[in-house]
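# Summary of structural features
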Amino acid sequence: MAFPMRTFFLISLITFLTIATRVKCNFFVPAMFVFGDSLADVGNNNNLTVPIQDRSNHDSYGIDLPNGVSTGRFTNGLNAVDFAAKYLMIKNAPPAYLTVKDNVDQMLKGVNFASAGSGILDSTGPGTLSMAMQIKYFEKVVEALKKKMGEDKAKRLIRRSVFMIVMGSNDMFEYYYKTGAQDKNARNKFPGDLARMFIFRHIMALQKLGMKKVYITGLGPLGCVPFFRTKTKNGDCLEELNETAKQYNMVAKRTLVQTCLKMPGFVKYSFLDAYGIAKTMMKTPWLFGIHDIRDACCGGGKFYAEQGCNGNASICKDRSSYFFWDQFHPTETSAKIAARLGIFGAPIYSSPMNLLQLATGA
């Protein structure tokens, strides 16, 4: 059955990419603004006083970038934000805000506020840029754009821009560290409350600042990252943590739908099913050229995930065949696949529309 499945997948993917190629020549995304955690950080934390695990501007990270330079991305090469920008025909992925905060010309093209270790809650990741702080920085960008372009032109640019948000994993990690997620009722309540807070506090705050199009990445199977596999008896996924991620995603999607029905002028959005994509890749890794879905490519100890990815870490030879780069983060290969499915894919991956449809819509 493997060959027919693979054939079907390849035909479907080629069809979506062909359609996308024809469509993408007819639109223009003026700017891209990114908010998030280490899955989206491109160097903001290089400028912060944070623990070493919340910085990746050191050896091993960025090994597959030109000259093997570590930039602050938590992977071996490019991350999902880089690929999203590329597929939207944005020449360069938005740079870290803290490195260009005085460059208004760059703000015209977009900036990245993401900060590794940060969360939806203000208390998550002390010393990092919380979601609320990232939004405050965006307020400064809005004011700078209005001063540069005039209010009407600035509003139009923001309205036509694509916003990308990758946030929530660290809130779940901290919740698990504190509670163990053993209480089923609490395990359902916390993710739901977090999802509603994300939408009613943060999404609406960005909407008030002019955001119209937002690409939201749901939580992946957090319990399947190599670090948490080391905590289980047989190296299986930590299902208690996976359940919190599923609950968060369910409530977030439902709340977005309900809010759109109640508020006709609410944002247009695409919600990426990161959980479903990752699980599909883990169940049928050979379809994607991946051979190892358990171990970290860079690290040490059990599953190469008991020690961090640093100058003394072991690094796998065929990085393109690994799902995970380090204890928590995907390889460039995984990020690229997820980005393609989210940007060009069917509703099972992104709903109610994919990123390309979001970007090309009015």
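Look above for the structure.
Just so we're clear, the structure is a prediction, and the values are computed from it rather than from any experiment.

Let us now look at the pairing of strand β1 (residues 32-36). Buried residues dominate β1, accounting for five of its five residues. By the alternation rule, side chains of β1 split into M32, V34 and G36 and F33 and F35, which are all buried. Bridging between β1 and strand β2 (residues 162-166) involves five bridges; their strand directions are parallel. Within the sheet, the bridge partner assigned to F35 lies in β2 and is I165.

Turning next to the state of the cysteines. Each disulfide is one covalent bond, formed between the sulfur atoms of two cysteines. For the structure shown, the criterion picks out three disulfides. The residue that forms a disulfide with C224 is C237, at a sulfur-sulfur distance of 2.1 Å. As the torsion about the S-S bond is roughly 110 degrees, the C224-C237 disulfide counts as right-handed. Within this pair, whereas C224 is found in the loop between β3 (213-217) and α9 (226-229), its partner C237 is found in the loop between α9 and α10 (239-262), the two being separated by 13 residues in sequence. One exposure class covers both C224 and C237, and it is buried. Note that C298 is cross-linked by a disulfide to C309, the S-S spacing being 2.0 Å. Linking C298 and C309, the disulfide has an S-S dihedral of approximately 90 degrees and is accordingly described as right-handed. Remark: C309 occurs in the loop between β6 (298-299) and β7 (314-315) and C298 occurs in strand β6; sequence separation between them is eleven residues. Per residue, the accessibility class of C298 equals that of C309, and both read buried.

Scanning the entire structure with this criterion turns up nine salt bridges. Residue R201 is joined to D122 by a salt bridge in which the shortest nitrogen-to-oxygen separation is 3.1 Å. Of this pair, R201 sits in helix α8 (residues 184-208) while D122 is found in the loop between α4 (104-107) and α5 (131-149), placing the two residues 79 residues apart along the sequence. Under the relative-accessibility criterion, R201 is labelled partly exposed at 35%. Residue D122 is classed as partly exposed on the basis of its relative accessible area, which comes to 44%.

All right, on to the packing of aromatic side chains then. What the rule picks out here adds up to 22 aromatic pairs. Their ring planes at 35 degrees and their centres at 4.9 Å tell us that Y97 and Y137 sit as a pair that is tilted. Here Y97, found in helix α3 (residues 97-100), pairs with Y137, found in helix α5; they are 40 residues apart in sequence, far enough to count as distant. Per residue, the accessibility class of Y97 equals that of Y137, and both read buried. Ring geometry for F228 versus F328: centroids 6.3 Å apart, planes at 75 degrees, classification edge-to-face. Taken together, the residues span a long stretch of sequence, with F228 in helix α9 and F328 in the loop between β8 (322-324) and α12 (332-344) at a distance of 100 residues. When its relative accessible area of 1% is taken as the criterion, F228 is described as buried. Overall, F328 belongs to the partly exposed group, its relative accessible area being 23%. Following the ring pairs from residue to residue traces out a cluster consisting of F33, F35, Y97, F113, Y137, F138 and F163.

To continue, consider unusual backbone geometry. The step from S351 to P352 runs through a cis peptide bond, and the omega angle for that step is 0 degrees. In this structure, N67 takes a positive phi of about 65 degrees despite not being glycine. Position of N67 among the secondary structure elements: in the loop between β1 and α2 (80-87). Positive phi outside glycine occurs at Y304, with the angle close to 55 degrees.

Turning our attention to the sheet that holds strand β9 (residues 350-351). What the five strands build is an open sheet, ordered β1-β2-β3-β4-β9; its pairing is mixed. Where the open sheet ends on each side, the last strands, each with one partner, are β1 and β9.

A few words now on the side chain of S169. Turning to its location among the elements, S169 is positioned in helix α7 (residues 169-179). In this view, S169 contacts D37, L39, L219 and L222; residues no more than four positions away in its chain are not counted.

A few words on the side chain of N354. In this structure, N354 sits in the loop between β9 and α13 (355-360). By relative accessible area, N354 is classed as buried at 6%. At 2.8 Å, the side chain of N354 and the backbone nitrogen of Q357 are in polar contact. In this structure N354 touches S270, G342, I343, F344 and G345, once residues within four positions along its chain are discounted.

So, about the nonpolar core. In this structure, F33, F35, F138 and I203 are the most contacted members of the largest nonpolar core, which totals 95 residues. It is α5 that contributes the most residues to this core, eight residues altogether. Excluding anything up to four places from it in sequence, I203 contacts I165, F198, M211, V214, I216, F266 and V267. Counting ten residues, the second largest nonpolar core, distinct from the first, contains C298, C309, C316 and W325.

Attention now moves to the environment of A245. Looking at the element boundaries, A245 is found in helix α10. Sequence separation between A245 and A144 is 101 residues; the distance between their C-alpha atoms is 37 Å. Every residue in contact with A245, bar those within four places of it in the chain, is listed here: L219, G220, L222 and Y275.

What counts, and where the lines are drawn
- Residues numbered from 1 in each chain as written.
- Predicted model: local features only at pLDDT ≥ 70, side-chain atom pairs only at ≥ 80, totals over all residues.
- Heavy atoms only, no water.
- Buried < 20%, exposed > 50% of the residue type's maximum accessible area, 1.4 Å probe, protein only.
- Helix = DSSP H or I, 4+ residues; strand = E, 2+ residues; numbered from the N terminus.
- Pairing = 2+ DSSP bridges.
- Disulfide = S-S within 2.5 Å.
- Salt bridge = Lys/Arg side-chain N within 4 Å of Asp/Glu carboxyl O.
- Phe/Tyr/Trp six-rings, centres within 6.5 Å; stacked < 30°, edge-to-face > 60°.
- Contact = heavy atoms within 4.5 Å.
- Polar contact = N/O pair within 3.5 Å; in protein donor to acceptor, adjacent residues only side chain to side chain.
- Core = buried A, V, L, I, M, F, W, Y, C linked by side-chain atoms within 4.5 Å.

Fair warning: the whole summary comes from geometry, so function is off the table for now.
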